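# Descriptive analysis of the structure
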Amino acid sequence: MKPIHYLVAFITLNHGTLAAARVAVSLYAVHLDASPTVVGILIALFSVIPTLACVPVGRLVDRTGARKPMLISTLLASAGVVLPFFWEGMTTLFLTGLIVGGACFALYIVNTGLGGRYGGAEDRTANFARMHLGIAVSNGVGPLIAGFGIDYLGFAHTFLLIAMLPLLSLSFLMLRTLPKLDEIAAPVQDEGKPSFVELLRDRRMFPIYVMAVYFMLAWDIFMVMTPLYGAQLQLSASQIGVIISSFSVAVFAVRICTTPLARRFTTWQLMLLSLAVAGTSMLGFGLVSAVPLLIIFAFGMGFGQGMGSPVGSAALYEVAPAHRVTEALGLRMAVTTACQTGLPLVAGGVSSLIGVAPLFWLAGAVIFAGVWHYRGHWYGGHGGHGVADEKGGT
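Residues numbered from 1 in each chain as written. Predicted model: local features only at pLDDT ≥ 70, side-chain atom pairs only at ≥ 80, totals over all residues. Heavy atoms only, no water.

## Here we look at the overall build of the chain
Tallying secondary structure elements over the chain gives 16 helices and 0 strands in all. For 394 residues, the compact-globule estimate of 2.2 N^0.38 gives 21 Å, and the C-alpha radius of gyration of the chain, at 21 Å, lies within 12% of that figure. C-alpha atoms of the chain, sized along the principal axes, occupy 55 × 50 × 40 Å. Contacts spanning at least 24 positions in sequence make up 84% of the contacts within the chain whose residues lie at least 6 apart. About 16,500 Å² of surface is accessible on the chain, with carbon and sulfur atoms providing 69% of the total. The chain carries 22 positive and 17 negative side-chain charges, and their two centres are separated by 5 Å. (Helix = DSSP H or I, 4+ residues; strand = E, 2+ residues; numbered from the N terminus. Rg over C-alpha atoms; globule rule 2.2 N^0.38 Å. Contact = heavy atoms within 4.5 Å. Areas by Shrake-Rupley, 256 points an atom, 1.4 Å probe, with all protein chains shown as cover. Lys, Arg positive; Asp, Glu negative; His and termini not counted. Charge placed at Lys NZ, Arg CZ, Asp CG, Glu CD.)

## Quick look at the environment of Leu270
Residue position: Leu270 is located in helix H11 (residues 267-285). Classification of Leu270 by relative accessible area gives buried; the value is 2%. Residues contacting Leu270, with those up to four places away along its chain left out, are Leu261, Ala262, Phe265, Met307 and Val311. (Buried < 20%, exposed > 50% of the residue type's maximum accessible area, 1.4 Å probe, protein only.)

## Here we look at the nonpolar core
By size, the foremost hydrophobic cluster in this structure holds 111 residues, and its most contacted members are Met70, Ile221 and Phe285. If one sorts the elements of this core by residue count, helix H9 (residues 206-232) sits on top with 13 residues. In this structure Phe285 touches Phe222, Thr226, Tyr229, Ile243, Leu294, Phe297, Ala298, Met301 and Phe360, once residues within four positions along its chain are discounted. (Core = buried A, V, L, I, M, F, W, Y, C linked by side-chain atoms within 4.5 Å.)

## Some remarks on a nonpolar patch on the surface
On the surface, a cluster of nonpolar side chains totalling about 560 Å² of accessible area is made up of Leu71, Leu75, Met164, Leu167, Met174 and Leu175. For the nonpolar patch, the secondary structure elements donating two or more residues are helix H4 (67-86) and helix H7 (155-174). No other element matches the 3 residues that H7 contributes to the nonpolar patch. Summarising the element assignment, Leu167 is placed in helix H7. (Patch = residues over 30% accessible without salt bridge, like charges linked within 9 Å, V, L, I, M, F, W, Y side chains within 5 Å. Salt bridge = Lys/Arg side-chain N within 4 Å of Asp/Glu carboxyl O.)

## Considering the packing of aromatic side chains
Across all of its chains, the model carries 15 aromatic pairs by this definition. For the ring pair Phe299 and Phe303, a centre distance of 6.4 Å and an interplane angle of 25° mean the geometry is stacked. Of this pair, Phe299 and Phe303 both sit in helix H12 (residues 291-305), 4 residues apart, which is roughly one turn of the helix. Taking the relative accessible area as the measure of exposure, Phe299 reaches 36% and is therefore partly exposed. Clustering of aromatic rings is evident, with ring pairs tying together Trp219, Phe222, Tyr229, Phe247, Phe285 and Phe360. Taking the ring centre of Trp372 as reference, the NZ or CZ of Arg375 above it sits at 3.9 Å. (Phe/Tyr/Trp six-rings, centres within 6.5 Å; stacked < 30°, edge-to-face > 60°. Lys NZ or Arg CZ within 6 Å of the ring centre and 35° of its normal.)

## Notes on the packing of helix H6 (residues 124-153) against H7
Axis separation between H6 and H7 bottoms out at 7 Å; the angle between their running directions is 140°. Relative to H7, the element H6 is oriented oblique. Every pair of crossing elements has a handedness; the one defined by H6 and H7 is right-handed. Contacts between H6 and H7 involve Ile145, Ala146, Gly149, Ile150 and Leu153 from the first element and Phe155, His157, Thr158, Leu161, Ile162 and Leu165 from the second. (Axes fitted to C-alpha atoms, helices over the stretch in contact; angles between N-to-C directions. Parallel < 35°, antiparallel > 145°, perpendicular 65-115°, else oblique. Left-handed = near helix turned anticlockwise from the far one by under 90°.)

## Details of helix H15 (residues 356-373)
Counted at 1.5 Å a residue, the expected span for H15 with its 18 residues is 26 Å, and the 26 Å between its end C-alpha atoms agrees. Buried residues of H15: Val356, Ala357, Leu359, Phe360, Ala363, Gly364, Ile367, Gly370 and Val371, and no others. Relative to the axis of H15, the buried residues are bounded by an arc of 155° and lie together on one face. Of the residues in H15, the exposed ones pointing more than 90 degrees away from the buried face are Trp372 and His373. (Expected span 1.5 Å × (residues − 1). Arc of directions from axis to C-beta.)

## Overview of the confidence of the model for the chain
Looking at the chain, the pLDDT average stands at 81 and 90% of residues meet or exceed 70. When pLDDT is averaged over each element of the chain, H4 comes out on top at 92 and helix H16 (residues 387-391) at the bottom at 36. Predicted confidence is poor over residues 381-394, with pLDDT under 50, and the contacts of this stretch with residues over four places away or in other chains come to 38 contacts. (pLDDT = per-residue confidence, 0-100.)

## Some remarks on the side chain of His15
Residue position: His15 is located in helix H1 (residues 3-31). Excluding residues within four positions of it along the chain, His15 makes contact with Ile135, Ser138 and Asn139.

## Some words on the environment of Ser246
Its location among the elements puts Ser246 in helix H10 (residues 237-262). Judged by its relative accessible area of 9%, Ser246 falls in the buried class. For the pair Ser246 and Met301, spaced 55 residues apart in sequence, the C-alpha to C-alpha distance is 9.4 Å. Contacts of Ser246, omitting those with residues within four sequence positions, involve Ile295, Ala298 and Phe299. Separated by 2.5 Å, the side chain of Ser246 and the backbone oxygen of Ile243 make a polar contact. (Polar contact = N/O pair within 3.5 Å; in protein donor to acceptor, adjacent residues only side chain to side chain.)

Take a look at the structure:
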């Protein structure tokens, strides 16, 4: 097996910890008679530390290597999940959300920087696609582990079971299946105290961060508003579930297709194409009410969204300063987690004013405005070069 395959397995185990912990924490809170507001706060806590710490974690990895951050974050993830096994109560669940969320997202940043080093530039988009395919698998398996564990083992032992997942991933560190853990991206330059603002000001990187916001806009609008839209259309819970599942199936499918597509298109071309597909599907989703059509448009949104994270990471890796690559990737994660916190609140407020279906139309229009604004990157302008450019063609 290649190092990237071991890294995918490592990512799958640790992100599965995050996916399972979210479900277990929310269900345990309901079991403890927590209000919906408290449950919402608990889930939001999983994203608090990542929003604040992604950039410092990336900067640390660029300067020290990946081994120690991976080891420490993995142990913290396991410790955070196992807390409710020893101490019951809501306070423990708040701590679990903070610790597990911070540790697992730190691992995501470390692993993304590491995955970009395996193979050449022509392998980078494919590597990121494989990594996000593992995340898609863990998002499906993690909740199953939590659900079946709670039903058959009880809450306490389910948290103990979930805590085993990150410990299993340590075997990849101990067996030395992951090379380049101690490498730094490049010698540290004497540039004073670096600031993430410098990364945002870079004319090649700033558009990639903006594109990340567009992708998160489409993702969050769909996930938050689809249940409300389905309820307005008087659809059953199972029908709404099938519509949302079709989105997830498309995300999984497109990540399988990303590798061959990366050989034919540049990273910017893939971002623009996928965002255009997502915008078209979002406009259509708000115009129909029949379940089969809703499923088709939801699949289209997932197909457009699924490439956003791996291709965006690859595009950023191409243009970021060599000594600040992981920091730049961490900033992208900070941007997306901030969107995950703020966009649902904005979407709820806007939908209360104009309705749910018009919100889908508005979001689709905003996405198309972004595609049009950055259309010049299709031909590799403003740093929008990708794998095909490096090979000498488009």
